[in-house]
Amino acid sequence: YGGMGLDFSYNIAVAEELGNIRCGGITMAIGVQAGMATPALTRFGSHELKKQFLVPTIAGDFVACLGISEAGAGSDVANIKTTAVRKGNEYVINGGKMWITSGSQADWMCLLANTSEGPPHQNKSLICLPMSLPGIHVAKKIDKLGMRSSDTAQIFFEDVRVPCKNLIGEEGKGFTYQMLQFQEERLWAVATVLTPMETIIRETIDYTRQRKVFGQPVLHNQTVHFRLAELATEVELLRSLLHRAVALYVEGNDVTKFASMAKLKAGRLTREVTDSCLQFWGGMGFTSEVLVSRFYRDLRLMSIGGGTDETMLSVISKYMDILPRK
């Protein structure tokens, strides 16, 4: 379908290199296209669906978005309310989606919707939804704290009709397909923040070596260079966890626990690195002229998007069998 047919480790190599882009929004938008909106279609979609949606997406002719989150259901995927009711050979879709990356410019959406009244983990399906259909309303482009170079939209559906053949895989398996995709999404996200953190630390070293306070460079204060050494060590530890998880995943293992651990650590460490380094920049760090302030805003999303820190802790607890038993 136009891809290179390489294993997932190559996705991670690309993700790490994209970290050289000096903002988070572009990398995130590419990640949605390559690692969030398309994996389920790639794995479970029909040949016809792949020709219609996957081929032009891989070629870069289509922009894709992922329609999961709603105003009342972010990390709680099972609680989504959007419905797709089968009528003849069509689904009629009603509801809305929130925080949709690339939503205001997307050509199609990988939509998760309730297709039956069954249990919440068994009543959902994924559907390829062309964004040009009547009844789709892009309500607004959301003004955000960070990731400002990537558009994020609120979208409503009012009696949107889409052919039943646009169903990805089997009806009722959408939640399962989405959970499988989360492993790759979270590993990709971790890979994208390694290089930015290294860049911030390196630029902070350069700046504090030049900036003098009380007659000596800021860097010469032991508390400063010790802290930077600590942060660099933490980044390398995160990289090792990521590479271990990816190696296991490529071998066919379930790495949900390790992916969740890496995502949790990445969310917390990006906050720690950007906050600590910004402090060493002093007043300059509070301006929009330096990279550290941009990443301070952009990388804050790491602890929220793709599953919050608290969600990661719940997943890890489950895999460690330490949750209260009913």
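Quantities reported herein were computed from a predicted structural model and do not represent experimental measurements.

The rules behind the values
- Residues numbered from 1 in each chain as written.
- Predicted model: local features only at pLDDT ≥ 70, side-chain atom pairs only at ≥ 80, totals over all residues.
- Heavy atoms only, no water.
- Core = buried A, V, L, I, M, F, W, Y, C linked by side-chain atoms within 4.5 Å.
- Buried < 20%, exposed > 50% of the residue type's maximum accessible area, 1.4 Å probe, protein only.
- Helix = DSSP H or I, 4+ residues; strand = E, 2+ residues; numbered from the N terminus.
- Contact = heavy atoms within 4.5 Å.
- UniProt positions renumbered as here; feature names shortened; annotations may be inferred.
- Phe/Tyr/Trp six-rings, centres within 6.5 Å; stacked < 30°, edge-to-face > 60°.

A few words now on the nonpolar core. One broad trend across soluble globular proteins is that nonpolar side chains are buried collectively. If you look at the biggest cluster of nonpolar residues, it comprises 42 residues, and the most contacted ones within it are Leu187, Met197, Leu238, Leu242, Val273 and Cys277. Elements supplying a minimum of two residues to this core: α1 (8-18), α5 (174-210), α6 (222-250), α7 (256-280) and α8 (291-298). It is α5 that contributes the most residues to this core, 10 residues altogether. Setting aside anything within four residues of it in sequence, one finds leucine 242 in contact with Ile12, Glu16, Leu187, Val190, Ala191 and Leu194. Counting 22 residues, the second-largest nonpolar core is a separate cluster that includes Leu41, Leu54, Leu66 and Ile80.

Within this numbering scheme, the UniProt entry marks residues 172-318 as carrying the feature "domain: Acyl-CoA dehydrogenase/oxidase C-terminal" (unreviewed entry). Span residues 172-318 is 74% helix and 3% strand, its end C-alpha atoms 24 Å apart.

What follows is about the packing of aromatic side chains. According to the stated counting rule, one finds four aromatic pairs in the structure shown. When the centroid spacing of 5.3 Å and the interplanar angle of 50° are considered together, the rings of phenylalanine 53 and tryptophan 108 count as tilted. In this pair, phenylalanine 53 is assigned in helix α4 (residues 47-59) and tryptophan 108 in strand β4 (residues 108-114), connecting sequence segments 55 residues apart. The exposure classification of phenylalanine 53 matches that of tryptophan 108, with both residues buried. Where tyrosine 207 meets tryptophan 281, the ring centres are 4.1 Å apart and the plane angle is 5°; that geometry is what we call stacked.

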